Amino acid sequence: MENYLRVWRQQAKVRGQYDAAVFIGDKVLALTNSDEDALWLAEVHFSNNNYTRALAILSRQDLISRSTACRYLAAHCYIKQGQYEQALTVLGDQNPTHLIRSNKSRRKIQHLNGHSRITLRNAKSRYEDRDREDAGNIRYEAGMCYLRGLCFAKQNAFDRARDCYKDAVRIDVQCFEAFDQLMKNSLMSPAEELEFLESLDFDSITGADAPISQEAADFTRMLYTTRLSKYSSPAVLTDATETLSTHYKLAENPDILLSRAEALYTQCRFAEALELTSSILSTSRSSLSAQTTAGQNHLGHSPTVYPLHLACLYETGATNALFLLSHTLADHSPEESYTYLAIGVYYLSVAKIAEARRFFSKASLLDPHSAPAWIGFAHTFAAEGEHDQAIAAYSTAARLFQGSHLPQLFLGMQHLALNNMSLAQEYLCAAYAMSTGTATGTVPSIPSLPSSEMSPLGGDPLVLNELGVVLYHQNHLEGAVDLFRQALGLATSLRCEPGAWVATRSNLGHALRRLGRYSAALDEFDECLRIGSSGASLGYSPFLGGSGGNASGVASAGVSGYEERGLIGSLYTARGLVLLEMNRTLDAVTTLHEAVRVLGASGGGDAAGGAGVAGTLLSRALEIWALETRETEAGLSEDGNRAAKSSTRSRDKGKSRAARRRIAADDSYAEQWIDEVTGGVPTGLDSTNTVDETIEMELDQDAERLLRDSVEHIRGGLRGRREHIHQPLSSPEVEAQQAQPRSRGTRTARSYQARS
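Looking up the protein in an unreviewed UniProt entry gives the name 20S cyclosome subunit (Cut9/Cdc16), putative (AFU_orthologue AFUA_5G02590), with the organism given as Emericella nidulans.

Listed below in structure tokens is the structure:
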């Protein structure tokens, strides 16, 4: 009868018919009165959220003190009810560290393998006996370590919680809940995460035979590797993801897709990351009916995907998609923290800071360990320039998420905005040490890496950029140049989106400009404009997200086009300033004119204010250009006058003798010839240069032709005048005068004599 009832109750539990399972289970317990049947009935009550009834069953016959499994279940019931002190009373304060078996013990066995087979046999026998002895309780002991960690975390004792989680995974490497808490809450730095993963004994995973056990160990290691921070050891992460995707055909698995999306997000490749998160939220592979609306496609997924998806939507400027997602989550999941996170992100995207702060606060109340909610809440103060409140909020986030470098980074940025350079440098150095595992207290320095290689250290290039800004403001320009170049090199080695680091390259250009390296600075600004003209999204400033549970960064730069215009306009302004320094005034005028056009198109705000700076520089450049033009024209005019006078003197020298002979032959006729040719020169002109210039302009076009026309004109004029006034001249005199050629020298000499 007992066997029949046990089969019945098990089938009812599998079908989710908990009332039937409780009814039959109670009869089985009444018949057998065994500890196993009592534990089974308590587990059914726990699965049906009847925690008080489960505790009542476990309290009978003193099961909690006699059974490890019953003690674990009782403590779990207290935690579900929020009674953390009672749970710790049941669990105790000490972890069973004697059950930990790490890689050191395995290495010790391998070392003994080469020295003494007897010693090796004894060591293996001792470990195997311990494993067999604790086989029934070791998983529950690891589970109780995990529950201790939950209790300490609820009491804000995060150091003790971290130790409990680590001991739980060391005791049972398959205790994924504890490992997930370590990664999700950023309780370790990226370097510590990698070191902890290497210390785990994956060989303790057993299978049917040795080859299967080894494969299971490698598979579990790769699964855990995908949950590490994406800022540390990107090469290891990439290898694990590729192996799981290709060899084990998990390329479409949501967890693997999320890991790849987080890696793309840290590389500022937001559009690609959004494609992956959207594919996770799509229902193309689900079994939902075809009548499911498009808005409900975002439901029924792991909560870990929503923060990253929201960050990608914000970064790519998908405001309408944020609005739709927020409404969908509010209608169907009003009790989840990520619902209010989505609403807060939407309000932040439309610049409604007060509303965004309210919903971020609500999300943090529902889930006090939500890193994106805390970071978003702090960002609302930073967006309004409330630096003191922002520092307080970031400090709380730094206390809650001790392994994440982002709160330290944001604290450094706030102190930088307040011009507290020493504090800013301290926080930023701590942030870089957390992201890479390097020593703290000094300005970081990493070797330059080729673009084809992955950085072995990893790290966040934005931290290097902010440190470079600190050194720039402290007038340590050489150090700033080195850090800016290291940031760009690290971003390239991590295969980051080039457009996201235009601001860093611009900072490098400004540092080079102040150092007087104008050609190098101009090259950097030209490269920035080239990247910007290719349509890349410009700028990077962390906001929120889910890099392995970390609060990853997003930026508003490049979302609406306003920030892009401001950055491109500032790049044109900086380029014009460098061109002015290089005395390329005309190029500077053209560049600054473009800066005014771009900045003025923003319609207002800081970008339009930047147009005033560019306009001032443009006015100054135009003044310099006008002065240079006058100087150039004056120099050319002076050179031209000297050349003209020299040419006139040389021509006059060659013709002066003939002119004097013609003047001496007939002075009276020369006066008549001058009056005819000059015909109409004003008699009131006293300036010698005016008459000379008039004569020069008439004769320089074609001296030969004009001289011939003048002679013919004079001959005809004399004949007409004789006929009109009837004053005959002697024929020999007229013929003699007509035989003399009229030169420019004669006319010029006569004009001088007439004025004298």
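Still more to cover.
A. Just the overall build of the protein, in detail. The helix and strand tally for the protein stands at 37 helices and zero strands. Across the protein, the fraction of contacts at a sequence separation of at least 24, relative to all contacts at a separation of at least 6, is 63%. For the protein, the exposed area adds up to about 37200 Å²; of that, 51% sits on carbon and sulfur atoms.

B. Region of the structure containing the side chain of Ser-404. With respect to the helices, strands and loops of the structure, Ser-404 is situated in the loop between α23 (387-400) and α24 (406-417). A polar atom in the side chain of Ser-404 sits 3.4 Å from the backbone nitrogen of Leu-406.

C. Representation of the packing of helix α6 (residues 68-80) against helix α10 (residues 138-154). The contact between α6 and α10 brings their axes to 9 Å, and the two run at 20 degrees. By the angle between their directions, the pair α6 and α10 is classed as roughly parallel. Seen from above, α6 lies across α10 with left-handed handedness. Here Thr-68, Ala-69, Arg-71, Tyr-72, Ala-75, His-76 and Ile-79 of α6 lie close against α10, whose contacting residues are Tyr-140, Glu-141, Gly-143, Met-144, Leu-147 and Cys-151. Partitioned by chemical class, the residues of the contact of α6 with α10 number eight nonpolar, three polar and two charged.

D. Summary view of the UniProt feature "repeat: TPR" (unreviewed entry) in the protein. The positions that UniProt labels "repeat: TPR" (unreviewed entry) are, in the present scheme, residues 337-370 and 502-535. What you have in residues 337-370 is 79% helix and 0% strand, and the ends, taken at the C-alpha atoms, are 8 Å apart.

E. Representation of a nonpolar patch on the surface. Residues Met-1, Tyr-4, Trp-8 and Leu-31 make up a contiguous nonpolar surface patch of about 470 Å² in total accessible area. Following the sequence through the fold, Leu-31 ends up in helix α2 (residues 18-32).

F. The arrangement of the side chain of Thr-226 in detail. Mapped onto the fold, Thr-226 is located in the loop between α14 (210-225) and α15 (234-246). Of note is the side chain of Thr-226, whose polar atom sits 2.6 Å from the backbone oxygen of Leu-223. Residues within four places of Thr-226 in sequence aside, it is in contact with Leu-237, Thr-241, Leu-244, Ile-256 and Ser-259.

G. Just the confidence of the model for the protein, in detail. Averaged over all residues, the pLDDT of the protein equals 76, while 68% of them reach at least 70. Note on residues 540-562: pLDDT under 50 across the span, and 105 contacts to partners over four residues away in sequence or across chains. Of the regions scoring below 50 in pLDDT, residues 698-704 engages in six contacts with residues more than four places distant in sequence or in other chains.

H. Up close: helix α3 (residues 35-47). In this model α3 runs 18 Å from its N-terminal to its C-terminal C-alpha over 13 residues, within 8% of the 18 Å that 1.5 Å per residue would give. Within α3, burial applies to Asp-37, Ala-38, Leu-39, Trp-40, Leu-41, Ala-42, Val-44, His-45 and Phe-46. Buried residues belonging to α3 abut α1 (2-14), α2, α4 (51-59), α5 (63-66) and α6.

I. Geometry of the packing of helix α26 (residues 461-473) against helix α28 (residues 502-514). Relative to each other, α26 and α28 sit at 25 degrees, their axes nearing to 11 Å. As judged from the angle between their axes, α26 and α28 are roughly parallel. The chirality of how α26 crosses α28 is left-handed. Where α26 abuts α28, its residues Asn-465, Val-469 and Tyr-472 lie against Thr-504, Asn-507, His-510, Ala-511, Arg-513 and Arg-514. Tallied by class, the residues present in the contact of α26 with α28 amount to three nonpolar, four polar and two charged.

Cut-offs used in this document
Residues numbered from 1 in each chain as written. Predicted model: local features only at pLDDT ≥ 70, side-chain atom pairs only at ≥ 80, totals over all residues. Heavy atoms only, no water. Helix = DSSP H or I, 4+ residues; strand = E, 2+ residues; numbered from the N terminus. Contact = heavy atoms within 4.5 Å. Areas by Shrake-Rupley, 256 points an atom, 1.4 Å probe, with all protein chains shown as cover. Polar contact = N/O pair within 3.5 Å; in protein donor to acceptor, adjacent residues only side chain to side chain. Axes fitted to C-alpha atoms, helices over the stretch in contact; angles between N-to-C directions. Parallel < 35°, antiparallel > 145°, perpendicular 65-115°, else oblique. Left-handed = near helix turned anticlockwise from the far one by under 90°. Nonpolar A, V, L, I, M, F, W, Y, C, P; charged D, E, K, R; others polar. UniProt positions renumbered as here; feature names shortened; annotations may be inferred. Patch = residues over 30% accessible without salt bridge, like charges linked within 9 Å, V, L, I, M, F, W, Y side chains within 5 Å. Salt bridge = Lys/Arg side-chain N within 4 Å of Asp/Glu carboxyl O. pLDDT = per-residue confidence, 0-100. Expected span 1.5 Å × (residues − 1). Buried < 20%, exposed > 50% of the residue type's maximum accessible area, 1.4 Å probe, protein only.

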